[in-house]
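# Observations on the three-dimensional arrangement
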Amino acid sequence: MVRLEDHFECREYFYICLELHSKLTLFDYINKYTSQIEEIRAQELAKKIGMAVEYLHDNGIILRNLESTGILMTETEDMVEKSIPRISRFNKAEIIGYD
């Protein structure tokens, strides 16, 4: 998930500061690097996304629209092997309570 860097509030508003990401989504990443992504790398990405979803579920949050365009990839020197997926779209998420 996109990391919360800081938060603060004033009388009228609550502000959250999130980590900055490139505009490269998982969908774009797959299309751009499809010939370079090895099977083991695809498994690693799927595991990281699955672990993020498990974390959300453990904290009573469900995503109803998880898709590749709602996952951003971190920018690194070696985008193919080192980029990390971050869930970034929570517009249809629902809080259902804790386990």
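Let us look at the structure shown here. (Residues numbered from 1 in each chain as written. Predicted model: local features only at pLDDT ≥ 70, side-chain atom pairs only at ≥ 80, totals over all residues. Heavy atoms only, no water.)

### Section: helix H2 (residues 39-58)
Helix length check: H2, at 20 residues, gives a terminal C-alpha distance of 28 Å against a target of 28 Å (1.5 Å per residue), a fit within 8%. Considering only its buried residues, H2 is in contact with helix H1 (26-33), strand S3 (61-62), strand S4 (71-73), helix H3 (79-82) and strand S5 (85-87). Among the residues trailing H2, Gly60 stands out with phi positive, at a value near 75°. (Helix = DSSP H or I, 4+ residues; strand = E, 2+ residues; numbered from the N terminus. Expected span 1.5 Å × (residues − 1). Contact = heavy atoms within 4.5 Å.)

### Here we look at H1
Where H1 is concerned, the buried positions are Leu26, Tyr29 and Tyr33. In an axial view of H1, the angular spread of the buried residues amounts to 55°, which keeps them on one side of the axis. Looking at the buried side of H1, the elements it contacts are H2, S4 and H3. (Buried < 20%, exposed > 50% of the residue type's maximum accessible area, 1.4 Å probe, protein only. Arc of directions from axis to C-beta.)

### Structural notes on the pattern of salt bridges
If you walk through the whole model with that rule in mind, you get three salt bridges. For the salt bridge of Arg64 with Glu94, the shortest nitrogen-to-oxygen distance reads 3.8 Å. You can see Arg64 sitting in the loop between S3 and S4 and its partner Glu94 sitting in strand S6 (residues 94-95), a full 30 residues away along the chain. A relative accessible area of 56% places Arg64 in the exposed class. Here Glu94 falls in the partly exposed class, since its relative accessible area comes to 34%. In this structure, Glu67 and Arg89 form a salt bridge, with 3.0 Å as the shortest nitrogen-oxygen distance. With a gap of 22 residues between them, Glu67 in the loop between S3 and S4 and Arg89 in the loop between S5 and S6 connect regions that are remote in the sequence. (Salt bridge = Lys/Arg side-chain N within 4 Å of Asp/Glu carboxyl O.)

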